[in-house]
Structures are given as structure tokens and as C-alpha cells.
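# Architecture and fold: a report
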Amino acid sequence: MRTAAVSVTDAGVDAWASERLGAARAQRLLSLAADPGVPVFFGRTDGTAEAGPDGAPETFHIGRRHVRDDAGDPVVIDWRAPMSRPFYQASAADPQGVARRRRFGFAAGELTSYEDERLAEGEDDGGAGELLRAEIERPRSGPMRDIVATIQPDQDDIVRAPLTESICVQGAPGTGKTAVGLHRAAYLLYTHGDQLARTGVLVVGPNKAFLRYIEQVLPALGEVEVDQATVADLTARVTVRTQDAPDVAVLKGDPRMAEVLRRALWSGIRKPVDSVQVSLSGKKYRIGEERLKRFVDDLRRAGTSGVDAAQLVHYAAGRERLAMSLAEYARRLKEAGGGSPTDAETRRCARSAEVRAFCDAVWPAVDAAGLVASLFSDPEVLARAARGVLTEEEQALLHWPVLPRSVKSARWTPADAVLVDEVAGMLERTPGYGHVMVDEAQDLSPMECRAVARRLGAGSLTVLGDLAQATSPWAAQDWAQTLATLGRPETTVRPLTRGYRVPGEVLDLANRLLPTIAPGLGAATAVRRDPGALRLRPVTTLAGPLASVVSELATTEGSTGVVCADAAVPHVVALLTAAGLDVAALSDDGSEPARVAVVPATLVKGLEFDHVVVVEPAAIVAAEPRGLHRLYVVLTRAVSSLVVLHREPLPDQLAG
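Residues numbered from 1 in each chain as written. Predicted model: local features only at pLDDT ≥ 70, side-chain atom pairs only at ≥ 80, totals over all residues. Heavy atoms only, no water.

For the chain, the name recorded in an unreviewed UniProt entry is AAA family ATPase, with Modestobacter muralis as its organism.

### Some remarks on the environment of Ala336
Structurally, Ala336 is set in helix H14 (residues 315-336). Along the chain, Ala336 and Leu521 lie 185 residues apart, while their C-alpha atoms are 71 Å from each other. (Helix = DSSP H or I, 4+ residues; strand = E, 2+ residues; numbered from the N terminus.)

### A few points about the nonpolar core
Ranked by size, the top nonpolar core spans 78 residues in total, and within it Leu322, Leu326, Phe358, Trp363, Leu375, Trp412 and Val436 carry the most contacts. Element by element, the count of residues in this core is highest for helix H20 (residues 414-427), at eight residues. Residues contacting Val436, with those up to four places away along its chain left out, are Leu202, Val204, Val452, Arg455, Leu456, Ser460, Leu461 and Thr462. Core analysis: the second largest hydrophobic core is formed by 75 residues, Leu464, Ala468, Val599 and Leu654 among them. (Core = buried A, V, L, I, M, F, W, Y, C linked by side-chain atoms within 4.5 Å. Buried < 20%, exposed > 50% of the residue type's maximum accessible area, 1.4 Å probe, protein only. Contact = heavy atoms within 4.5 Å.)

### Quick word on the packing of helix H17 (residues 368-377) against helix H18 (residues 379-386)
Where H17 meets H18, the closest approach of the two axes is 5 Å, and the angle between their N-to-C directions is 100 degrees. Overall, the two elements H17 and H18 adopt an arrangement that is roughly perpendicular. On H18, the residues that touch Ser374, Leu375 and Ser377 of H17 are Pro379, Val381, Leu382 and Ala385. For the contact of H17 with H18, the class distribution of residues is five nonpolar, two polar and no charged. (Axes fitted to C-alpha atoms, helices over the stretch in contact; angles between N-to-C directions. Parallel < 35°, antiparallel > 145°, perpendicular 65-115°, else oblique. Nonpolar A, V, L, I, M, F, W, Y, C, P; charged D, E, K, R; others polar.)

### Focus: the pairing of strand S4 (residues 74-78)
As paired strands, strand S2 (residues 59-63) and S4 are joined by two bridges and run parallel to one another. Residue Gly63 lies in a different strand from S4, and its bridge partner there is Asp78. In this structure, strand S3 (residues 67-68) lies alongside S4, joined through two bridges in antiparallel fashion. Bridge pairing in S4 links Arg68 to Pro74. Connecting the antiparallel pair S3 and S4 is a turn made up of five residues, with Gly72 showing a positive phi of about 90 degrees. (Pairing = 2+ DSSP bridges.)

### Thoughts on the side chain of Gln395
Positionally, Gln395 belongs in helix H19 (residues 392-398). You can call Gln395 buried: its relative accessible area is 10%. Excluding its chain neighbours within four sequence positions, the residues that come into contact with Gln395 are Leu382, Ala383, Ala386 and Leu390.

### Things to note about helix H28 (residues 627-635)
The buried count for H28 comes to nine of nine residues, which makes it a mostly enclosed element. Among all positions in H28, only Gly627, Leu628, His629, Arg630, Leu631, Tyr632, Val633, Val634 and Leu635 are buried. Where H28 is buried, its residues meet helix H23 (504-511), helix H24 (514-517), strand S18 (560-564), strand S21 (609-615), helix H27 (617-622) and strand S22 (638-646).

### Looking at the pattern of salt bridges
In the structure shown here, the tally under the stated rule is 43 salt bridges. Between Asp46 and Arg100 there is a salt bridge, and its shortest N-O distance comes to 2.6 Å. Placement of the pair is Asp46 in strand S1 (residues 43-47) and Arg100 in strand S5 (residues 98-107), with a sequence separation of 54 residues. Residue Asp46 is classed as buried on the basis of its relative accessible area, which comes to 11%. Between Lys293 and Glu290 there is a salt bridge whose closest N-O contact spans 3.8 Å. Placement of the pair is Lys293 and Glu290 together in helix H13 (residues 289-304), with a separation of three residues, close to one helical turn. (Salt bridge = Lys/Arg side-chain N within 4 Å of Asp/Glu carboxyl O.)

### Quick notes on unusual backbone geometry
With a phi close to 55 degrees, Glu440 is a non-glycine residue in the positive phi region. Looking at the secondary structure, you find Glu440 in the loop between strand S12 (435-438) and helix H21 (446-456).

### Observations concerning the packing of aromatic side chains
Using the criterion set out here, one finds 10 aromatic pairs in the structure. Both rings, one in Phe295 and one in Tyr329, keep their centres 6.2 Å apart while their planes meet at 70 degrees; by these two values the pair is edge-to-face. Residue Phe295 is found in helix H13, and its partner Tyr329 is found in helix H14; the two are separated by 34 residues along the sequence. Overall, Phe295 belongs to the buried group, its relative accessible area being 13%. (Phe/Tyr/Trp six-rings, centres within 6.5 Å; stacked < 30°, edge-to-face > 60°.)

### Brief notes about the sheet that holds strand S9 (residues 227-230)
What holds strands together in a sheet is hydrogen bonding between their backbones, with the strands either parallel or antiparallel. If you walk across this open sheet you meet the six strands as S9-S8-S12-S13-S7-S14, and the pairing is parallel. Two strands in the sheet have a free side with no partner beyond their single neighbour: S9 and strand S14 (492-496). Each strand of the sheet is rotated relative to its neighbour by a mean of 20 degrees, with strand direction disregarded. This element, helix H6 (residues 177-191), spans strand S7 (167-171), strand S8 (201-205), S12, strand S13 (460-465) and S14 of the sheet and lies at about 165 degrees to S13. Together, S8, S12 and S13 form the strand contacts of H21, whose direction differs from that of S12 by roughly 155 degrees.

### Brief notes about the side chain of Arg64
In this structure, Arg64 sits in the loop between S2 and S3. Each residue touching Arg64, except ones within four places of it in the same chain, is listed here: Val38, Pro39, Val40, Phe42, Asp78, Trp79, Arg80, Asp146, Val148, Ala220 and Leu221.

### Here's the deal with the environment of Arg512
In this fold, Arg512 is placed in the loop between H23 and H24. The partly exposed category is assigned to Arg512, whose relative accessible area is 37%. Sequence-wise, Arg512 and Ala523 are 11 residues apart; in three dimensions their C-alpha atoms are separated by 9.2 Å.

### Topic: the sheet that holds S1
Pairing within the open sheet is mixed, and its six strands lie in the order S3-S4-S2-S1-S5-S6. Looking along the sheet, the strands with just one partner apiece sit at the ends: S3 and strand S6 (110-117). As paired strands, S1 and S5 are joined by five bridges and run antiparallel to one another. Within S5, the position partnered with Gly47 by the bridge is Val98.

### Brief notes about the domain arrangement of the chain
Examined at the domain level, the chain breaks down into domain 1 (1-32), domain 2 (41-147), domain 3 (270-362) and domain 4 (504-654). In this structure, domain 2 and domain 4 have C-alpha centres spaced 36 Å apart. (Domains from an automatic or database assignment.)

In C-alpha cells, the structure reads:
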């Protein structure tokens, strides 16, 4: 197939056609790029005799992409095709026409094993056979891998949900919720390629380290045209230079801030106080004050009280419409006098100095950052916009103690950037995507949810998260508020509770925290257990035991993450470096982690390592108000083994 694509000539009937043919060929070759470590197929289904044509059983190989022979007949069926679904869904109770399911094992591109389930004879391992266990336990060095060969029925139901359906996945640690979301994006791109090629797919992650970790999953499945960003990337309209105190960040993330900003923006519109004379086709026409007031009032109502968001007039569009309203009225006056002005003349009238001066006076142009800066710099401006919405104490929290020399030099915070983006969305429509996937959504503030919702437009949504892993100060107790603020309150919440990644012994330890941090949430269950997966080690000094444990793990295959409180990272790196170990601290700049990485607790969410060493759980808990939630996240990052080193007593929930 690659050879056939290479043989396509770039020669078209003209330069434009040649350019498009060349681009199409390059895109085709990119989608067919070979990866020596990725096998062409990973499964096979053998049908029952009665299920095939003419009573003959059919055999299908299942792979990451469609492969055809020289005659055009399928040799491998794409895993997303409807014909592939029985591979994931068939069981002894419901064989779906499958007599035998075969799973193949590969190592470095070489076929090493296979495993059969004879469904017609009642054999069914429930998807937890030896090949699945081997795939789960395969070393985790490098970025996240796809799970296309081991998708389970409950995961497959979510992956193949229709494009029109928005879904929220409440996934316990190790249930594969991130992989399920990414595979759903790949499935939708396959099934609705033409539509999503126009509107696009966006993946929103919690930080750059996480995006770096997942960035190879979709390309491995043949999907390269997907945008990936953090909320900070989406709202990067100002330069962030500092952080807010927790109480200020919570207030700036409160949904009431949207109303404050809306008032501040639209209250800047003034009533006309005099008539205006405009020029059209060399003649001047006067528009009376009352008619001007009607133009302004009608457009203001359209911008502030539409039936739904789709009907609202954005502020900048309202300003342009106001200018055109004056020009159109002058045109009607000229036509009433027997004239016939052209569309071009009418547009020139709307751009004339008289019309622009009028718009500047009653509907002034607004800069998003400048409006937010004026709110935080001037208590009187804020008081007018926040009257009845924020208390005086809350308004005081928002005041900038030191006024910046300019808007650009202001000490903007991440929460400020989200507010600036909110104003920008009121000024002009934000382009939307056909589908948006949001991971770790339990940590989004309501205002951050609104920022994501603006990119959603009329498209659908996949929300991924775990309420037990909610570490932000504005974390919700259930999904209802988050989904409503994302603009999809009717979204179905689907739980995933079967853990494939975390060993049962490790999960049992972490689950002891659930009654305290998420009392209404069901505990995850593990598909595998390993008596040597968990070690709790009280120590009197940290340096020697830590270096010993990390040295031992560094000799094994796979990745090792040494997780500690953020403030302890430099000390832990120094201890391990002094012991002669090659380690590096993980940062949020998107750089690839070292094989042995010292990980700040606040960056570990969404990541996984073969081996995890947790240093001083008490310090992790004490570092932030929702420290027990953070510890729950930290304890559930291990695929093979977890070692906990502590000088201080463990939290009461873990004791014993």
C-alpha cells in the first residue's frame, strides 16, 4: 500500500492540482508510516459455519489499520470497523457468530505467542488471559501506548459511542479512562472522518508533561490531525508571571465572575445624546437621536438576552452591526428620494469617519486584557460590575495591591488568563471543534470549564476524570456542576471500576483513603494481584534507604518514578545524585522524563511508571488542603511495584 502511494505522480492539470495531489500523497504516506515495533495485526476471529456466506466459516484478522492486498481485498480489518466489534464484545454467553477468538503476542515486531478462546465450546477468559496480563505488565519506558489489542467490553462500549453523544467517564485509577478517551477520538475520526476533518478534534490535558506522555497514542492509530493543549495553552492571551493565593484563585474560578465580566463589558455602551450626519454617495443624511437609541438598544438586547448562546450577538459584531445600521438607514433615505446606492457605497458609508466616531462614542472598542485590568485596578469600576454578585470582602480580594505600568506588564496569573479569555469570547466568537476530549476534568474550575465549552461549539464532548483524584481547591463533589458549566448538563456518566494497570495489593492500600476523600464512590477492583507489589518501609533516615531502593529498581527493566512533595524535589534529587544515580526532576515543560525521574506530587496525575517510590506521604498530605486526594493519586501510579518510605507516621487511614 505504501508502494502504491509512492507511485502516485504529482502531475496535475495545473499547478494548484499538482500541489493538492502532492499534499494528498504526503498525507497518505504519513497515515501508512511503518513502525517496526507495531505489529500489523493483533487478533483474529474465526466465525461459526452458519455465520459465514454459503455456510462456510469466515476468518478476519484485526489490526490497527486496514490492510488490503493487490486485488483490493481486505487482509486485515481496522479495529474500528463494525466487522471488528465481535473481537471485543463476543463472549461464551453471546458469541456473536464467533467460534474462536485468537489473541497474538508480539515482542519487537516478532510474533511470540498466541492464545485462543473457543467461544462456541464455552471457553471465555473474560478478557483477562495471559496475553492481556503480559501487555499490562510490559515495561512502561517512554510515552503512553495504545490499548487497542486489549480493549475490554465495558471500555469498547464507550469507545464506540456515537459522535452525537457526550459522555463523562468516572474512571477509578488503572481503569484505562485516558486510553479509552483517546481511542474514542480515533474511532470517531475513522467513522466521521469527513465531518471531523472540517471541524477538528481537540484533546485537553492537565499539563504539558501529561500531553507529552499521551502524544504518540493517536499517531500510532493512524490519526495525526488532532490538536492537543492544556487550558493554559487555550487561554494564553496574556503572559502569566505569578500565582494567586488559593482563596483568590477559587474566587476567580467562580462562575459568578462571568456575570461580573459581562456587566463590565456591556455597561460601557452609552446612549446617544445627539443626532448624527452621515455621508452616502456624496450626499449627507441626518439620523435622529431617537432612532439611534433604538439601534443601540436593539443590538444591546441581542448581545445580552438571547434565547441561547447561538443567538447572542458578540460585542464586536454588535459594534459592526451598529455601523451598518446607520449606513443601511441612510441608504433607505436615499432610495426614498429616488437614488440607488450600491452595496459598495453602503459599506464605505459604514466605514466613514462620521459613523466610526459615533460608534467610538456609544459602543467603544474593548481590549479583553484591558477590561480585566481596569476591574482589578479600580475598586469603583469593580464595585459597579459586582454589585449584588460579589461581597465587598470578595471584591477586596480581587484588587491589585500594586498597579502595573501597563496592561502588558501586569503580573497576570493563570486564573486571570482564563478571565481574559472569557472577555475575548464575549467580544468575538471562539472557533469550535467537532469533538473535544477533556482529561482530568475533575480539577477544572467553573471558569476553566467555560473556556473549554467555548471551544466545543455545537460538537460533542468526552469528559474523563475521577472525583477521588480531585486535588484543586474548587473540586466538585459530583459531576453535575462540571458538566453543566461545560455546556452539556445532559451528559451520561459512565463508571469504569475494573482496574487493569494497578496491582490489587497497591489498589487495596489506596482504597483505604476512599471513605474519607470520596465516601460515595465505589472502590476499584483489580484484575491481577502480585504479593511482592507493595512494600511499606518505615525508616529513621532517608538518604541510605532511598538510594538503595532506587538503585535496586534501576537495574530492572522499565521506568521508575520517585514521587515526593514539590518542595522536597531538589533535596531528593541531590540525595540520589550524591549516591551516583542518574536521575532528573520531571518538569512541566513537555520534556521527556528520565528513566529514573524525581516527580513532584502535583505533576504525577495521569502518568504511570513501572515502579514508584513514594517519599514521605505525610509531607505530601501536609503540602495542600486536599493532600489526602493528592496522596491517593500518588499511590496509584505504579504498574508493577510500589515502595513507600516514611520517617513520619503514615496517615491514619493507611495505618496498620
